[in-house]
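# Observations on the model geometry
Now for the letters of each chain:
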Amino acid sequence: QVQLVESGGGLAQAGGSLRLSCAASGSAFRINVMGWYRQAPGKQRELVAVITSGGSTNYADSVKGRFTISRDNAKNTVYLQIKSLKPEDTADYYCNAAGLGGSYWGKGTLVTVSS
């Protein structure tokens with residue numbers, strides 16, 4: 001089974017920046033797709049960004065131009081660079097990894113944006 005550990009969350013001011021990291025470990029199976037999802041209080045979990053092993057990306061409309069997803073395949077690590085933070089970005093951010101062995105989730109990291 002794959003284990004995912006997120007880091008980099010915390011408190012930031014509106015207009016500031018954060019970089020989230022997620023490292024996958026455990027099984028040696030190929031991880032083809034990694035991504036970030038978020039869930040705000042009272043809201044459903046939503047897709048933020050995904051990236052394939054080949055580098056193709058997809059973003060939610062609400063974060064386009066502000067968030068950048070990237071990955072280091074050798075380290076099985078995915079990153080989310082966040083710029084121009086808004087209060088509505090406040091949420092629990094979850095890492096996801098999918099490959100031959102299935103789909104796995106991290107426990108989440110909280111991002112809180114103050115105005």
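Residues numbered from 1 in each chain as written. Predicted model: local features only at pLDDT ≥ 70, side-chain atom pairs only at ≥ 80, totals over all residues. Heavy atoms only, no water.

### Considerations on the packing of aromatic side chains
To keep things clear, this is the line we draw: Within 6.5 Å between ring centres, the rings of Phe, Tyr and Trp (the latter by its six-membered ring) count as paired, and their orientation is classed by plane angle as stacked under 30 degrees, edge-to-face over 60, tilted in between. Going along the chain from the N terminus, every DSSP run of H or I of four or more residues is numbered as a helix, and every run of E of two or more is numbered as a strand. A simple rule labels every residue: compare its accessible area, found with a 1.4 Å probe on the protein chains alone, to the largest value its type can have, and call it buried under 20%, exposed over 50%, or partly exposed in between. We call a charge positioned over a ring when the NZ of a Lys or the CZ of an Arg lies within 6 Å of the ring centre and within 35 degrees of the ring normal.
On inspection of all chains with the given rule, the structure shows one aromatic pair. Considering the side-chain rings of Tyr37 and Trp105, the 4.9 Å spacing of their centres and the 65 degrees angle between planes classify their relative orientation as edge-to-face. Residue Tyr37 is located in strand 4 (residues 31–39), and its partner Trp105 is located in strand 10 (residues 102–105); the two are separated by 68 residues in the primary sequence. Residue classification places Trp105 among the partly exposed positions, given a relative accessible area of 41%. It is Arg45 that lies over the ring of Trp105; its NZ or CZ is 4.7 Å from the centre.

### Quick word on the pairing of strand 9 (residues 91–99)
Worth spelling out the cut-off: A strand pair is defined by DSSP finding two or more bridges across the two strands.
Relative to strand 9, strand 4 is paired through eight bridges, and the arrangement is antiparallel. For Arg38, the partnering residue across the bridge sits in strand 9 and is Tyr93. As judged from the three bridges shared by strand 9 and strand 11 (residues 109–114), these two strands associate in the antiparallel manner. When the bridges of strand 11 are listed, Asp92 appears paired with Leu110. Alignment of strand 9 against strand 10, held across four bridges, turns out to be antiparallel. By the bridge assignment for strand 10, Ala98 is matched with Ser103. Remark: two residues form the turn of the hairpin made by strand 9 and strand 10, two consecutive strands paired antiparallel.

These figures come from the coordinates and say nothing about function on their own.
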